[in-house]
Each structure stands twice: as structure tokens, then as C-alpha cells.
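Now for the letters of each chain:
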Amino acid sequence: MKTSLKNRIDQSLMRAPASGSCAVLPFLTAGYPNANTTTTLIRAFDGEGARIIELGFPFSDSIADGPVIQNSFHHAIAGGQTIAGVFDIASQVCKDIQCGLVAMVSYSIIERFGKESFLQRAAESGFDGVIVPDAPSDLAVVFSEQCRNADLHFIGLIAPSTSAPRSKEIASYTSGFIYQMAVSGTTGERKDFGESIAEQVRQLKQTHGLPVCVGFGVSSPSQVREVCEFADGAIVGSAIVRHIAACIDKQLPQESLVTEVTSFMRSLVHGTS
Amino acid sequence: MNQKTINVDWMPTISSQWDPDEHGRFGEFGGQYIPETLMAAVTELDEAYAQVRQDSAFWHAWGEMLTQFVGRPSPLYFAKRLSEKLGGAQLFLKREDLNHTGAHKINNTIGQVLLAQRLGKKRVIAETGAGQHGVATATAAACCGMECVVYMGEEDVRRQKLNVFRMALLGAKVESVTDGQRTLKDAINSALRDWMSSSLHTHYIIGSVMGPHPYPLMVRDFQSIVGRETRAQMLDQTGKLPDHVVACVGGGSNAAGIFAPFLDDENVSLVGVEAAGEKLKPNRHAATLSVGRPGVLHGMHTYVLQNDDGQTLPVHSVSAGLDYPGVGPEHAHWMTCGRAQYVAIDDEEALQALTLLSTTEGIIPALETAHAIAHAIKLAPMLPKDQRIVVNISGRGDKDVAEVARLMGSNETL
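Residues numbered from 1 in each chain as written. Chains lettered and ligands numbered in written order. Predicted model: local features only at pLDDT ≥ 70, side-chain atom pairs only at ≥ 80, totals over all residues. Heavy atoms only, no water.

### Regarding the pattern of salt bridges
Then comes step 1: The full count for this structure, using the stated rule, is 40 salt bridges over all chains.
Then comes step 2: The salt bridge involving E48 of chain A is made with R266 of chain A; its shortest N-O contact spans 3.1 Å. With E48 of chain A in the loop between helix 2 (35-47) and strand 2 (52-56) and R266 of chain A in helix 12 (residues 254-270), this residue pair connects regions lying 218 residues apart in the sequence.
Then comes step 3: As a salt-bridge pair, R220 of chain B and D19 of chain B come within 3.7 Å of each other at their nearest N and O atoms. Here R220 of chain B, found in helix 9 (residues 215-238), pairs with D19 of chain B, found in the segment before strand 1 (25-26); they are 201 residues apart in sequence, far enough to count as distant.
Then comes step 4: Three or more residues are tied together by salt bridges with common partners; here these are D19, R53, R220, D221 and E330 of chain B. (Salt bridge = Lys/Arg side-chain N within 4 Å of Asp/Glu carboxyl O. Helix = DSSP H or I, 4+ residues; strand = E, 2+ residues; numbered from the N terminus.)

### Examining the sheet that holds strand 6 (residues 147-153) of chain B
As a general point, the strands of a sheet are linked pairwise by backbone hydrogen bonds and lie either parallel or antiparallel.
All names here are of chain B.
Then comes step 1: The parallel open sheet is built from 4 strands, whose spatial order is 7-6-5-8. A strand with exactly one partner marks an edge of an open sheet, and here the two such strands are strand 7 (173-177) and strand 8 (202-205). Adjacent strand axes in the sheet meet at a mean angle of 25 degrees when their direction is disregarded.
Then comes step 2: The sheet contact formed by strand 6 and strand 7 spans 5 bridges and is parallel. Paired with V150 across the two strands is V174, which belongs to strand 7. (Pairing = 2+ DSSP bridges. Axes fitted to C-alpha atoms, helices over the stretch in contact; angles between N-to-C directions.)

### Brief notes about the environment of E111 of chain A
Then comes step 1: Looking at the secondary structure, you find E111 of chain A in helix 5 (residues 107-113).
Then comes step 2: Ignoring anything within four residues of it in the chain, the contact list for E111 of chain A reads G295, V296 and H301 of chain B. (Contact = heavy atoms within 4.5 Å.)

### What to know about the packing of aromatic side chains
Then comes step 1: Within the structure shown, the criterion is met by 25 aromatic pairs over all chains.
Then comes step 2: For the pair F143 of chain A and F154 of chain A, a centre-to-centre distance of 5.8 Å together with 85 degrees between the ring planes defines the contact as edge-to-face. Of the two residues, F143 of chain A is situated in helix 7 (residues 137-149) and F154 of chain A in strand 5 (residues 153-154); the sequence distance between them amounts to 11 residues. Of the two residues examined, F143 of chain A and F154 of chain A, each falls in the buried class.
Then comes step 3: On the numbers, 6.2 Å between centres and 55 degrees between planes, the contact of Y204 of chain B with Y215 of chain B is tilted. Linking Y204 of chain B in strand 8 with Y215 of chain B in helix 9, this pair joins segments that are 11 residues apart in sequence. (Phe/Tyr/Trp six-rings, centres within 6.5 Å; stacked < 30°, edge-to-face > 60°. Buried < 20%, exposed > 50% of the residue type's maximum accessible area, 1.4 Å probe, protein only.)

### Focus: the packing of helix 4 (residues 105-118) of chain B against helix 5 (residues 132-144) of chain B
Residues and elements named next belong to chain B.
Then comes step 1: It is the contact of helix 4 with helix 5, at a shortest axis distance of 9 Å, that shows an interaxial angle of 45 degrees. What the angle tells us is that helix 4 and helix 5 run oblique. Note that helix 4 runs across helix 5; the crossing there is right-handed. Together, K105, I106, N108, T109, I110, V113 and Q117 of helix 4 and Q132, H133, A136, T137, T139, A140, A141, C143 and C144 of helix 5 make up the contact between the two elements. (Parallel < 35°, antiparallel > 145°, perpendicular 65-115°, else oblique. Left-handed = near helix turned anticlockwise from the far one by under 90°.)

### Remarks on the interface of chain A and chain B
Then comes step 1: With 37 residues of chain A at the contact, the number on the chain B side is 35 residues.
Then comes step 2: Taking both partners together, chain A and chain B bury about 2800 Å²; carbon and sulfur atoms supply 52% of that area.
Then comes step 3: In terms of surface lost to chain B, no three residues of chain A exceed D61, I63 and R112 of chain A, which account for 27% of the buried area on that side.
Then comes step 4: Inspection of the chain A/chain B interface yields 3 salt bridges.
Then comes step 5: Counting the contacts that link chain A with chain B gives 17 residue pairs in polar contact (both at pLDDT 80 or more).
Then comes step 6: Elements represented by at least two residues in the side of chain A that touches chain B include exactly helix 3 (67-78), helix 5, helix 7, strand 6 (157-158) and helix 8 (164-172) of chain A. (Buried area = accessible area lost by both parts, 1.4 Å probe. Polar contact = N/O pair within 3.5 Å; in protein donor to acceptor, adjacent residues only side chain to side chain.)

Here is the structure:
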């Protein structure tokens, strides 16, 4: 196994202690509402201090995502967003951004594309890691090695319901950072988090020595602040996509959409300082 | 001959060589392709079912319900007039249409409700396409006193008003799903999402041999009562096993149920019949095994209908119950290892078969079932008279009468 893999994910998360704030990791659906807006938003988010951007590959039948992200997927697919097109988006931005870029993608898509070609293409396009929410656990060890061999971190997910032995197993094949889900269920916004999440994160950090970022249900600057008290990063998905959806509903031109959504992103980053 | 004298085990007796491996895989198919938020619930279910599988008291309680509430065993009926008309092999009909609620679906829902009670769950959820599995779940939930929510695509809610109201009468809540194509696959997505945040007190009753392990195994076990009865009834009535067993395949639960007890009988040919819709025209059929390819959908590795990007393709069949872009992983395995073969019947052939069975035998089958009958109608004349074909009459046609009238050009609104 490749142990020396270091890329923008590691650099981004290592900046955290020095700058005195934890990382904000925004999520964007590739091609929502179109590829051009996505590339513009990635550059803008990078400029606002996003440490890692998660780029979602639209999938017709994602079971891990709540209605907001699922609708954005359907919108993007209907608008003609292809998988090759997501790689194009990444290739276009990867040279100009400082932040890390992570592919959030269903195993269904990887399997159809062909595992090795997908990983090779992802690495060539400038991705630094992959999050595969529905990767089967019996293949995860081998798959995570294939990822690292392609110079991609394999970022494992841990849920509030994940048992301690299973957390240990997931952490053993995870690199880059651990994605701790704040709440059970799908992506989406929640009012508050269980007390136990902070404890779960502290234990993970202590036991495995990997950075831990928290997502699922993190939707406001105050929640980002709350998460940053115990985690290395806060992942914000549905709340950003919901802002984009609201701009689309209001039929705002691309420029105003980018301004509005970037301003929300800025408020999230300022929540951490 | 008294149909009620047959003696079958309630406990599944399929030889373990056909069981999935420790990762829930039948050969290369099956597995658990699910988000971590579902892992704890699925593992809990997997462990509970592994125990239940060996627990004769559980199967006895289930058998009591099937006898007293569902009306098992269902008859195996020799279709004399249809056999004579076709002039070849003799046709036998396994009458799952005579079960309470009118289809095989109830065998599984009673089993899963009993399992949910054993797990201490108070609420059950289900997905449904045409509404048959939803009605069977609502029925099992009502008779066992559990709260029930059924997810159904908005499009199906509109097309299947009668079943929507039936579920409401049974005390279930029907959630209309407005995502995606607003049909069965989207209802499954919604039910899975509900389960992710509710699994502490909720059990998800999947209606077919699909989804993550242990569902394909568990649903096949519950449905295998159909095949065990058929086997005993054939031996009782003819002294021999059938030469062919034919069943329709959407997700594939009625086929898996009737096939499984014959897996080791190498001389019994097993034929699954998929929906060719509009003669296999792209996006206008649901013949997943016939023209699809391996991929991942709804937590399992199986045959799927996807485009080159991995996005699920639209599907169509005259029968809402076959209208699914995936198929149970065990069927993919049986096809790959050559134990079963799969063919496709189009909308028109299915409608003709429905009419022929109705007028010749006095049995109006479900449109799903009509696909299996249509294949048997093609097969029988090619075989000698001493050969025997069993067709699984998986459901009755009452639910489809209005749709059939429309397709036959009737102007009356039923």
C-alpha cells in the first residue's frame, strides 16, 4: 500500500492549526445548474478560503442523498451533464485552485465506467480523493488501495450508528481524512447534533490520528462554528445546493447566482474565525 | 384428490450450495452497496435473519398465519382445456392468485412483519409500484397491529387509485414520491432514505428478491413455500416432477420462490419471463436480464438497465409489476451459471395470453402473470404430450381489469 501519498487534501487540512480555524468543505453538484456555473463557483469558493471542495457526480438513483441534492442531480442529468463532463470541469479548474478537490460519486457510476479507468481519469483531471458512499465493505480494502495507487485518497465515512470495531476497520483503509456523519439518515439540514458526535470525533482523532471532518446536516455558520470546536473541518452540502436552487427558482442570471452563493460560502468561512 | 393433504415443511429446505457467501453474494452478484447510515440496520437484520432461519418456532408461527389467514396451500390446477387447445405438453397452474390479497406477495410480507416484531420494531415501511406489495404489507401490518407507511411514485398513485384507497382502508399511510421518474425505483429510493433515519424503530419490508443482502435471500426463502408446495403437489398428482417451471420476472420474487426448491433437480428446466414491452424498443421494455448488463442499483450488484454513464434508463411494460430497471441478484447468478434461462414477452403477447387463459380456463391472471402464460403458450405446442409445464399464476387480474379494458379499446371508464 502506498503510505506516502500527500496531496492538496493533506496540505489543506494541515493549514488548519496555523491559521487558527478549521476547514470549510463545501459541496457542489457538477453541472447544477450547468457546467460553466460549477467551474465559476469552484474558483469563487477557492478564493473565499474553501479548503477542500467536494464535487458531486450526478446519479439518477443516489440513495445516500436527501431530496435537495437528489433534485440537483436530476436537474444536472436532464441538462446534459455527463461523467466525462465532470472530469472536464475538474481539469479546467485544477490548475488555478489552491484547495483540494474530492469526487463524491456512487459506486454504480464507477463500476459502469470501469474502476481503473475511473480512478486514472479522476487523478488526471486533478482530483485528490474520492468519497464513495455506497462502496461495499467487502471490496473496500482492495478498492482503497487502487485509489491510493492512482494517487487518490480514499475517504471513508462513519455514521453515528457505526460500531467501534467497524469504525476501526473503516479508519484502517481510509486516508486523507475521515468523513464523520453528524446525523443518521441522508444528506440534508438538521437543527441540532447529538452530544455524542463530539465524543465520537474526539475518539476517532485520538485512535487513528487522521483528520476528521463532519458533514450531513451542517447548514449554517453557527453550526460550522459548533462543529469546528471538535472537528478538523465542516462539510456543507445541502445548504449550498439549496441556495443554488433558490437562485434558479428566482431565475437569477449566472452572475447573480454566483455572487449570492459565494456570499453564503463566505459567511460559512467567517463562522470559523 | 384433496388439495389440503399435502405435507410440506414451513422451514426453507433449499440446499446451502445455493446460499449466498458471507458477503451476501450469489457468485458475483448481490452484496451490500449501501451508505454507512444503513449499515447498522442491515447488519442487525442480517444477524436476526440468520438466527430466525434456524428457528423452527418462527417458521411454525409463520406457517400458522399462512394456513389460517392467507389460505395456504394454494391449489395446483391442471389446465385441461388450455392443454388440449395447445396440443402439446400438459399445463399445470400454481394458483397464487387465490391467496388472500390476490398474489404471492403476502407470503413475504407476513414473514417480514413477524421478523420485525421479533426485532422489537413498531413500524414497517414498504415501496410499491402497482400497489400489490403495498397492499400485502398494509394487510400484514393491520393483522399484526403495526404502523405502516407505503412509498409510491406520484405517477403510480395516479394510475392505481384503487390500490391507494385499499391501503388507506387497511390503515396504512401512502406517501406519494415526486422524485425522478415518480415510479417504483424512486419509491425504493425514498423508502431507503426513510429507513436511514428511522431504523431504530422501523423495519423496511422490501417486496422482491432485491436490495442489499439479506433481502434477496430472505424474500426467496419466504417465497420458496410456493415451490415446495408445487413439488409435493406434482408428485402427489402425477407421480413425477414437472419438466418445466415458468414464472414472470420483474424483481423476481415469485420466480425465485417457485424455482428455488427445484434447483437441485437438474432435469427440471426453469424459465423466467421478463417484459419485452414494446418489442424491446430502447427505453420501452423492462427485459433487464435479456438485454441489460451487470451494474449496481439499489444496494446490489446485478443486471441493470443503465446508459454508458451509469444512469438508470427509463423502463416500460404494460404490467406495472414488471416495470423495474434491475432484477434480483440470484436470477443474475442462475442465468450466468446456466441453471435458469430467461426470455422476454411483449405487451401484445401478454394481453393475448390474458384473454386466452380467461376464456379457456375461467381464470383472469394479472398482467405480470400473463407474461409467464404467454411463454408457456409458445412452449407447450413444441413439446410431446407427456411433458409437464408448471406456470406460476403469481397474481389475479382484478387490479388490471380497467387497464386491460383501456388497451382493448373500450370507451367505458371502469
